[in-house]
Amino acid sequence: MLPMAKVEIIATKDKLDPTLGTLHRLGVVQIEDVRRRGGPLVLPRMILDPATLAQREEIGLLVARLESLLALLPAQPLPTNAADSYKEASASPTQEHVAGAKKILAGIGARAQELAVRRDELEAERAALPRYQATIRKVMPLAAELADLQGYETVALLIERRYSSVLDLIRQELVESLGDQFELNAADVDEETTAAVLVFPKEQSAKVSALLGRENVSRVRLPKELAQVSFKDALAAIGVRMAAIPAELEGIRARLEDLAVEWYARLALARAVLRDRLQELEVTGRLGATRYTFVLVGWLPRRNLDGLRAALGREVGAQAMVNEIKVDKKEMEQAPVVLSNPAPAQPFEFLVKLLALPKYGALDPTPLLALFMPLFFGMILGDIAYGALALLIAVVLLRRFPTGALHSLAQVMIYCGIWAVIFGVLFGEFLGSFGRQTFHIKPLWIERGGDTLTTLLVFAIAVGGMHVVLGLVLGIWEAIHRRSGKELVERIGKFVAMAAIFLLAGVLSRQLPREFLTPGIAGLILGILLLSAPMGWVGIILGPIEALGMVGNILSYLRLAAIGLSSVYLAEVANRLQGMSANIVVGVLIAGLLHALNLALGLVSPTIQSLRLHYVEFFTKFYESGGEAFKPFKQTGL
Amino acid sequence: MDVGVGLLAIGAGLAVGLAALATGWAQARIGSAAAGALTEKPEMFGTMLIMLALPETLVILGFAVAAMIIILLAPA
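Cut-offs applied
- Residues numbered from 1 in each chain as written.
- Chains lettered and ligands numbered in written order.
- Predicted model: local features only at pLDDT ≥ 70, side-chain atom pairs only at ≥ 80, totals over all residues.
- Helix = DSSP H or I, 4+ residues; strand = E, 2+ residues; numbered from the N terminus.
- Buried ≥ 20, exposed ≤ 12 C-beta atoms within 10 Å, placed from the backbone.
- Core = buried A, V, L, I, M, F, W, Y, C linked by C-beta atoms within 7 Å.
- Contact = placed C-beta atoms within 7 Å.
- Domains from an automatic or database assignment.
- Nonpolar A, V, L, I, M, F, W, Y, C, P; charged D, E, K, R; others polar.
- Axes fitted to C-alpha atoms, helices over the stretch in contact; angles between N-to-C directions.
- Parallel < 35°, antiparallel > 145°, perpendicular 65-115°, else oblique.
- Pairing = 2+ DSSP bridges.

### Section: the overall build of chain A
Per the secondary structure count, chain A includes 21 helices and 10 strands. Looking at chain A as a whole, 34% of its 638 residues qualify as buried.

And the structure:
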């Protein structure tokens, strides 16, 4: 974990822009609200003058418009010198960028918008036309002869077959209101739909609409241009439109592409520079001010302090002062956290963050996770072939995802795969027992399953015992480091109770002489008393439960053996099914599928179980979570 | 085969099976609640994973009992 320092930067107000610009480019300071400065001095927040406020509003609007325009255009690769242009542009005055952005928006804003609207309309039409087509095809057989009647209106209805009785009701109501001045034909058109066509004099249109509305029957509504023609003509028109739309869409796409080729890079640059400027203006709300100066308070990694001083001295001059604020122990705990681990452990940082960041100053468990998590994974999976396949998948993922969480996961999988191969050699497993039977692979240690169950279980518990004891030792060290007396007593109590439980287990399993019984019982009582003491009266109940919980913690490590065994047996089932099948191809296929399933389970389950053993059984003994991630004030970039 | 051995096997099976049912029942309830919580707060994934994995101790203890039945009680 990087040591942090809290600083305040004081400069005259005329140096606000260059100071914020420098900090933004450096990206090493997390700017705090000035109210969190601490100490007796309470500064009022900085208030921007009306002109700057108006500029902030204008830039915000421009950024939003540029972003929506960029979303409309197909993404383009940025030119190779884009980073240089960005750096150069960042140094130019804001007004230039505002004017430039306005010019760009005036140049293509309306054109791109118009094309995008037309494209959306065509997409919507393309999606809707097949539905109209299907509907018309359903009702056309009923209405083909009626559609052209002069002075009459035709209405098509589609009703779910299970509700088709509603048609009788409609017919009854039509008789009551129109007499015999209508024709209603209905027929089932498919398994789910009944189509009906109603023909009536045009002057009765209002009455019929009201009636259909009352019965909550929806009529088939066609687009305006198709509503006035017969179904047959409408169908033909839909066919023509459907044939024409793709070419029209292609034309629009090509025009948008042309616009993007010409403008995308300029738009991206303008957005980046203005977004940076907007962030600089927005952050002023966290600064404090006196009549002539502003005060900025923030955290940064201590190693960057000299660099910050030098950069501000160079860019702003002597008017900007950087003072380190003295912070007491309690406030230091609120410092943001930057994990800093050796390269091999770095991929495991995201697994720690998945739970919660450690508090500032607390022990960062990443190296321990990097050491034990792949080891546990290997102990569970323990198969040469599965381990090698895990390595292969990890390599593919590494190439596919050069950065991000999946890249880290792939790196973690590399370590896990290596340990799975190592334990595979120790257990002599290659696709379960397949390697032993076919290639005569001998286990270097033990063959899992059958008679070795006891050995495996004892091994798992021994590993668990050591892991939990290590957690307790780290917990004691943490308590000493934090000078927390209560935690120290509680953790020593846990440690003593745990040692006593080991003694008692040794005596009960006749591995230790009976003379250890009395010290064991005495140790257990002493341990429970110590761990109960900081809890007060509640400790009388909670203390023994805690001690018992630690036994549960260690037994939980049995999963290292149990889940590994389930994988062994599933592989065994696959191998036996292959042998039992009369057809060798079918046998190999079934075995392949089962091994694939086993591999999938074997990658997911050991990962989750190893993590769980760390999160629940190990970390709870020493881990102080609740740290806040370091969020430096940093340019977003292109 | 001795009937006693069969009964031991049934006992061991029940120890794991019933514990697995209990774990499944607990995980189903925790899982649905966790899925709901994660839609609101995706950053709680780690905590939810722990919550979801907690009841697995039940089936592990069931396994321990089954293993004891097989190792300690089954005739050699």
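### Quick look at the nonpolar core
The biggest cluster of nonpolar side chains holds 84 residues, and the ones touching the most others in it are Ala420(A), Ala497(A), Leu558(A) and Phe63(B). The leading source of residues in this core is helix H14 (residues 405-427) of chain A, at 10 residues. When sequence neighbours within four positions are dropped, the list of residues in contact with Ala420(A) reads Phe377(A), Gly378(A), Leu381(A), Gly382(A), Asp383(A), Tyr386(A), Gly387(A) and Ala390(A). One finds Met4(A), Leu16(A), Leu20(A) and Val316(A) within the second-largest nonpolar core, a separate group that totals 31 residues.

### With respect to the environment of Glu32(A)
Residue and element names in this part refer to chain A. Considering the arrangement of structural elements, one finds Glu32 in strand S2 (residues 30-32). As for Glu32 and Glu88, which are separated by 56 residues in sequence, their C-alpha atoms are 28 Å apart. With residues near it in sequence (within four places) discarded, Glu32 still touches Arg286, Val297, Gly298 and Trp299.

### Quick notes on helix H1 (residues 16-26) of chain A
Along H1(A), the positions that sit buried rather than exposed are Leu16(A), Thr19(A), Leu20(A), Thr22(A), Leu23(A) and His24(A). Of the surrounding secondary structure, the elements contacted by the buried residues of H1(A) are strand S1 (4-12), helix H8 (231-282), strand S7 (293-301) and helix H9 (305-315) of chain A.

### Some details on the domain arrangement of chain A
Here chain A is partitioned into domain 1 (4-105 + 258-332), domain 2 (124-243) and domain 3 (366-621). Each of domain 2 of chain A and domain 3 of chain A was reduced to a C-alpha centroid, and the two centroids are 69 Å apart.

### Overview of the interface of chain B and chain A
Each partner contributes to the interface: chain B provides 13 residues, whereas chain A provides 17 residues. It is helix H3 (residues 56-73) of chain B that contributes the most residues to the side of chain B that touches chain A, seven residues altogether. Within the side of chain B that touches chain A, the residues separate by chemical class into 11 nonpolar, two polar and no charged.

### Regarding the packing of helix H1 (residues 3-40) of chain B against helix H2 (residues 45-53) of chain B
Residues and elements named next belong to chain B. Contact geometry of H1 with H2 gives a least axis separation of 9 Å together with a crossing angle of 170°. Comparing their axes, H2 and H1 come out roughly antiparallel. From H1, Gln27, Ile30, Gly31, Ala34, Ala37 and Leu38 reach across to H2, where they touch Phe45, Met48, Met51 and Leu52. In terms of residue class, the contact of H1 with H2 is built from eight nonpolar, two polar and no charged.

### Topic: the pairing of strand S4 (residues 183-188) of chain A
All names here are of chain A. Bridge count between S4 and strand S5 (residues 193-201): six bridges; the pairing is antiparallel. Within S5, the residue paired with Asp188 across the bridge is Thr194. In textbook terms, the turn of a hairpin is the stretch between consecutive antiparallel strands, and for S4 and S5 this stretch comprises four residues.

### Regarding the sheet that holds S5(A)
All names here are of chain A. In spatial order, the strands read S3-S5-S4; together these three strands make up an open sheet with antiparallel pairing. Of all strands in the sheet, those bounded by a partner on one side alone are strand S3 (152-160) and S4. Between one strand and the next, the sheet's axes are offset by a mean angle of 15°, whatever the strand orientation. By the bridge criterion, nine bridges tie S3 to S5 in an arrangement that is antiparallel.

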